[in-house]
Amino acid sequence: MAITGASGVIYGVRLLEVLKELGGHEVYLIVTKSALKILHHELDMSLKELEELCDKLYSEDLLEAPVASGSFLVDAMVVIPCSMKTLAAIANCYSSNLVARAAEVTLKERRRLIVVPRETPLTAAHIRNMLRVTVMGGVVLPACPAFYHKPKSVREIVDFVVGKVLDLLNIRHNIFKRWE
Ligand SMILES: Cc1cc2nc3c(=O)[nH]c(=O)nc-3n(C[C@H](O)[C@H](O)[C@H](O)COP(=O)(O)O)c2cc1C
């Protein structure tokens with residue numbers, strides 16, 4: 001998992017919480033420097049608190065981390081939230097930090113990559129980059145909650161997006177009410 005410097009770091013934090021609650025998942029987390037600032041601003045959270053929610057925490061500069069190599073086996077990678085800067089890096093394989101390198105590895109090894117962009121409105125470059133990631137086999141899952149489950153709280157709105165990510169990871173959950 002990677003948390004980058006887009007608004008909505010709560011999506012990443014909530015995904016970490018749910019994976020921990022569900023149990024049985026080993027989570028390697030990369031947090032960018034920009035994400036750290038937003039984490040503090042939006043959630044008043046520190047890196048230490050994030051560390052407790054994952055198995056291993058890496059800085060974006062640690063290009064020698066295991067997840068930088070395709071020989072290290074992981075099931076999937078989720079970039080949540082994904083800034084337009086990181087989206088551009090992934091879309092163009094410009095792997096100057098660990099987030100972009102791990103995503104590049106995920107794509108080249110044909111593993112599941114999910115990016116959760118958070119930006120509005122979009123430029124043609126943003127849209128082109130989303131198409132590039134899609135063409136390479138990644139899944140673009142915009143932080144775009146639905147309202148047919150009649151959410152009563154911010155948590156329920158956030159959980160809709162997080163639940164969609166879990167669905168794509170084939171992880172069973174009950175964090176939102178499905179349309180029946
Ligand atoms: C308060 C704040 C909110 C931001 N929100 C977004 C956002 O929603 N989407 C985005 O693409 N960039 C956003 N940015 C800009 C990114 O943080 C910036 O482009 C940064 O370089 C991204 O770096 P990273 O992808 O390495 O984390 C925001 C910046 C700040 C300070």
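Predicted model only: the values in this text are computed from it and were never measured. (Residues numbered from 1 in each chain as written. Predicted model: local features only at pLDDT ≥ 70, side-chain atom pairs only at ≥ 80, totals over all residues. Heavy atoms only, no water.)

**Brief notes about the overall build of the protein**
- Summing up its helical and strand segments, the protein has seven helices and six strands in all.
- Listing every helix and strand of the protein by position from the N terminus yields β-α-β-α-α-β-β-α-α-β-α-β-α.
- Relative to the compact-globule value of 16 Å for 180 residues, the protein shows a C-alpha radius of gyration of 15 Å, a close match.
- Seen through its C-alpha atoms, the protein measures out along the principal axes to roughly 40 × 40 × 30 Å.
- When burial is assessed residue by residue, the protein has 46% of its 180 residues classed as buried.
- Within the protein, residue pairs in contact and separated by at least 24 positions form 73% of the contacts whose partners lie at least 6 positions apart.
- For the protein, the accessible surface area stands at approximately 9,600 Å², while carbon and sulfur atoms represent 54% of it.
- Charged side chains of the protein number 22 positive and 20 negative; the gap between the two group centres comes to 7 Å. (Helix = DSSP H or I, 4+ residues; strand = E, 2+ residues; numbered from the N terminus. Rg over C-alpha atoms; globule rule 2.2 N^0.38 Å. Buried < 20%, exposed > 50% of the residue type's maximum accessible area, 1.4 Å probe, protein only. Contact = heavy atoms within 4.5 Å. Areas by Shrake-Rupley, 256 points an atom, 1.4 Å probe, with all protein chains shown as cover. Lys, Arg positive; Asp, Glu negative; His and termini not counted. Charge placed at Lys NZ, Arg CZ, Asp CG, Glu CD.)

**Notes on the site of the ligand**
- The immediate surroundings of the ligand are formed by 13 residues, with G5, T32, S83, T86 and R118 found nearest.
- The contact in question runs from an oxygen atom of the ligand to an N or O atom on the side chain of S83, over 2.5 Å.
- In the model, an oxygen atom of the ligand is placed 2.5 Å from a nitrogen or oxygen of the T86 side chain.
- Elements that contribute at least two residues to the shell around the ligand include exactly α2 (33–43) and α4 (84–91).
- In terms of residues, the shell around the ligand owes the most to one element, α4, which gives three residues.
- When grouped by side-chain class, the residues that make up the shell around the ligand number three nonpolar, seven polar and three charged. (Near = heavy atom within 4 Å. Polar contact = N/O pair within 3.5 Å; in protein donor to acceptor, adjacent residues only side chain to side chain. Nonpolar A, V, L, I, M, F, W, Y, C, P; charged D, E, K, R; others polar.)

**Comments concerning the pattern of salt bridges**
- This structure, assessed with the given rule, holds ten salt bridges.
- Here R14 makes a salt bridge to E21, at a shortest N to O gap of 3.8 Å.
- When its relative accessible area of 8% is taken as the criterion, R14 is described as buried.
- Among the ionic pairs, R118 bridges to E119, the shortest N-O distance being 3.6 Å. (Salt bridge = Lys/Arg side-chain N within 4 Å of Asp/Glu carboxyl O.)

**Description of the side chain of N97**
- Following the sequence through the fold, N97 ends up in the loop between α4 and α5 (98–108).
- N97 sits in the buried class, given a relative accessible area of 10%.
- Within polar-contact distance, the side chain of N97 engages the side chain of E60 at 2.9 Å.
- Residues contacting N97, with those up to four places away along its chain left out, are T32, E60 and L63.

**With respect to the packing of aromatic side chains**
- Taken as a whole and judged by the stated rule, the model has five aromatic pairs.
- For the pair Y148 and F160, a centre-to-centre distance of 5.8 Å together with 90° between the ring planes defines the contact as edge-to-face. Here Y148 is found in the loop between β6 (139–140) and α7 (154–168), whereas its partner F160 is found in helix α7, with twelve residues between them in sequence.
- Judged by its relative accessible area of 5%, F160 is buried.
- With 5.9 Å between their ring centres and 75° between their planes, Y148 and W179 make a pair best called edge-to-face. Of the two residues, Y148 sits in the loop between β6 and α7 while W179 sits in the segment after α7, which places them 31 residues apart along the sequence.
- Relative accessible area serves as the criterion here: at 45%, Y148 is assigned to the partly exposed category.
- Aromatic ring contacts, followed pair by pair, group Y148, F160, F176 and W179 into a single cluster. (Phe/Tyr/Trp six-rings, centres within 6.5 Å; stacked < 30°, edge-to-face > 60°.)

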